[in-house]
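Close look at the chain arrangement
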Amino acid sequence: VVTDHRERAQLLLIGSVVVAVAILGTVVLLNIIHVPPDVSAQTDSQSITDAERVQDSVEDDLQQLVLMHTSVNETGEPLPYVNPDTFNESVEVYGQNYTELSTTSSAAVTSVDYVNKSSIGSVVYQNTTDSLANGTVLRSVESVPRLYVNVSEIANSEYANISIRNININVSSSAVIVDGSTVCGNSLNPPIEIDILGGSGTVRENGNTCAELDIDPAGTDDIGINPSGDSASGTYVISAIGAVPASGAENSVENVDVNPTFHVVYQDANVAYETTFSAFGGDS
Amino acid sequence: MDDRAVSVAITHALAIAITTVLLSGLFVASDTLLESQENRVGQDQVDEIGGDVATYLHSFDRLNKTGTGVNATAEPKYADQIVNTYSYQIRLENESDTARIIVEPNRLGRESVYELELDTKVEPSQARGGTIQINLCSPPSSGKQTYIILGECES
């Protein structure tokens, strides 16, 4: 009887060990085969996000630098141009400072360069409200990075013709007509603003957009402001590449960079990125 | 006493038989469970890789609008094989202004397809799974369109 009990106990023990080994083996096998569904792409995605953030930040900074560095008129208002010789130094200093700052917080290198003398031209402006210019203000215009005309007052039965290369804008007390089509209503509420940035822009009446404008990028032409009488008054600032100021302009600056262009390179361990952009958009 | 001795043998045989059946069931069930888990995890990985490539394409599309002559390169490192077993390919296709990303594993379930509306042209191209290169290429000669490609820019 004792022998039978011993055999049964051995059998039970062996059986238990076999079952335990089988279950443990299955668990170990499952753990070995288990693969997490996540793939390691997090770091790289962060790099491309950083590149976009750096680009936005540098672009904003450089636009501020353009507006505040050399392009200030006698009353302290910014004008859309820079002096290439002095501006180059400012961009170099900015680029060095940006790189030093960015490398303290990340392993990325950013280089910013000013593409010197890429868009030389002229700026004409009238910064105090007065009778608008009479006649051609710029000749041999290749492209228009920035144009802002503000007609703040115009008498009944008078008008001002503003010709910007391929576009003719007629502003009167009753309507704004662009290339023969009336775009702003019958009873106008000044100011009438013509606002162009990088070759395209809008006509606005008292802050409301009436029409979209698109300047023809090809060829060369003149820009003129021709009032029918003396009552049309306002301000304007116009910059144009390749252009020279004409006699109709109140104030002018020549041989300056009217659309500074920058080359930005960003590089880290996973992403390399480079771009060239102009402060006032469009092709420089 | 003789009958009892036989009974003990039968008891042992039955115990062994039952244990064998239970263990077989356990292994078969484990195999099925593992296979379904492998498919599910594999599909998750394929989807995640496709989604990540889509993120890059969207980012490159946005970067392309930041200026002219924009070039960008990214080298995301994905798993060489899906669930350490199946090789796979990533393809870019362009179909009437819609870019398609297809992650296609060999011998594992369905492929993963992402369709994107991008302003930047996508050049049809493909790469084997693992570390891939995605490029935003601005051709130096004017008049040619900037494009996104898997692999090196065309010279």
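What counts and what doesn't
Residues numbered from 1 in each chain as written. Chains lettered and ligands numbered in written order. Predicted model: local features only at pLDDT ≥ 70, side-chain atom pairs only at ≥ 80, totals over all residues. Heavy atoms only, no water. pLDDT = per-residue confidence, 0-100. Helix = DSSP H or I, 4+ residues; strand = E, 2+ residues; numbered from the N terminus. Phe/Tyr/Trp six-rings, centres within 6.5 Å; stacked < 30°, edge-to-face > 60°. Buried < 20%, exposed > 50% of the residue type's maximum accessible area, 1.4 Å probe, protein only. Pairing = 2+ DSSP bridges. Axes fitted to C-alpha atoms, helices over the stretch in contact; angles between N-to-C directions. Contact = heavy atoms within 4.5 Å. Buried area = accessible area lost by both parts, 1.4 Å probe. Salt bridge = Lys/Arg side-chain N within 4 Å of Asp/Glu carboxyl O. Polar contact = N/O pair within 3.5 Å; in protein donor to acceptor, adjacent residues only side chain to side chain. Core = buried A, V, L, I, M, F, W, Y, C linked by side-chain atoms within 4.5 Å.

As a note on interpretation, predicted positions should not be read in detail where pLDDT is low. With 89% of its residues at a pLDDT of at least 70, chain A reaches an overall mean of 82. Taking the mean pLDDT of every element in chain A, the minimum, 79, falls on helix H1 (residues 2-33) of chain A and the maximum, 91, on strand E16 (residues 261-267) of chain A.

Next up on the list: the packing of aromatic side chains. Residues and elements named next belong to chain A. All told, the structure shown has 5 aromatic pairs over all chains when counted by the stated rule. Consider the rings of tyrosine 114 and phenylalanine 262, whose centres lie 6.0 Å apart with planes at 45°: the pair is tilted. Separated by 148 residues along the polypeptide, tyrosine 114 in strand E1 (residues 109-115) and phenylalanine 262 in strand E16 bring together distant segments of the chain. Grouping residues by exposure puts tyrosine 114 and phenylalanine 262 together as buried. Among the aromatic residues, those joined into a ring-pair cluster are Phe87, Tyr114, Phe262 and Phe277.

To continue, consider the sheet that holds strand E11 (residues 208-214) of chain A. All names here are of chain A. In space, the 7 strands of this open sheet follow the order E11-E10-E9-E4-E13-E2-E15, with antiparallel pairing throughout. The sheet is open, and its two borders are formed by E11 and strand E15 (251-257), each paired with just one other strand. Sheet twist, expressed as the mean angle between neighbouring strand axes with direction ignored, is 15°. Where strand E10 (residues 200-205) and E11 come together, 6 bridges link them in antiparallel fashion. Looking at E11, one finds that valine 203 is bridged to alanine 211.

This part covers the interface of chain A and chain B. Across the boundary between the two partners, chain A contributes 31 residues, which contact 34 residues of chain B. Of the roughly 2900 Å² buried between chain A and chain B on both sides combined, carbon and sulfur atoms contribute 60%. The tally of links from chain A across to chain B stands at 1 salt bridge. Linking glutamate 52 of chain A and arginine 62 of chain B is a salt bridge whose minimum nitrogen-to-oxygen distance equals 2.6 Å. Between chain A and chain B we count 9 residue pairs in polar contact (both at pLDDT 80 or more) in total. For the side of chain A that touches chain B, the leading source of residues is H1 of chain A, giving 9 residues.

Turning next to the nonpolar core. Of all hydrophobic cores here, the largest spans 54 residues; its most connected members are Phe262 of chain A together with Val53, Leu57, Phe60, Ile90 and Ile134 of chain B. Apart from residues lying up to four places away in sequence, isoleucine 134 of chain B is in contact with Val53, Tyr56, Leu57, Phe60, Ala72, Thr73, Ala74, Pro76, Ile148, Ile149 and Leu150 of chain B. In this structure, Val141, Val151, Val203 and Leu213 of chain A belong to the second largest nonpolar core, which totals 36 residues.

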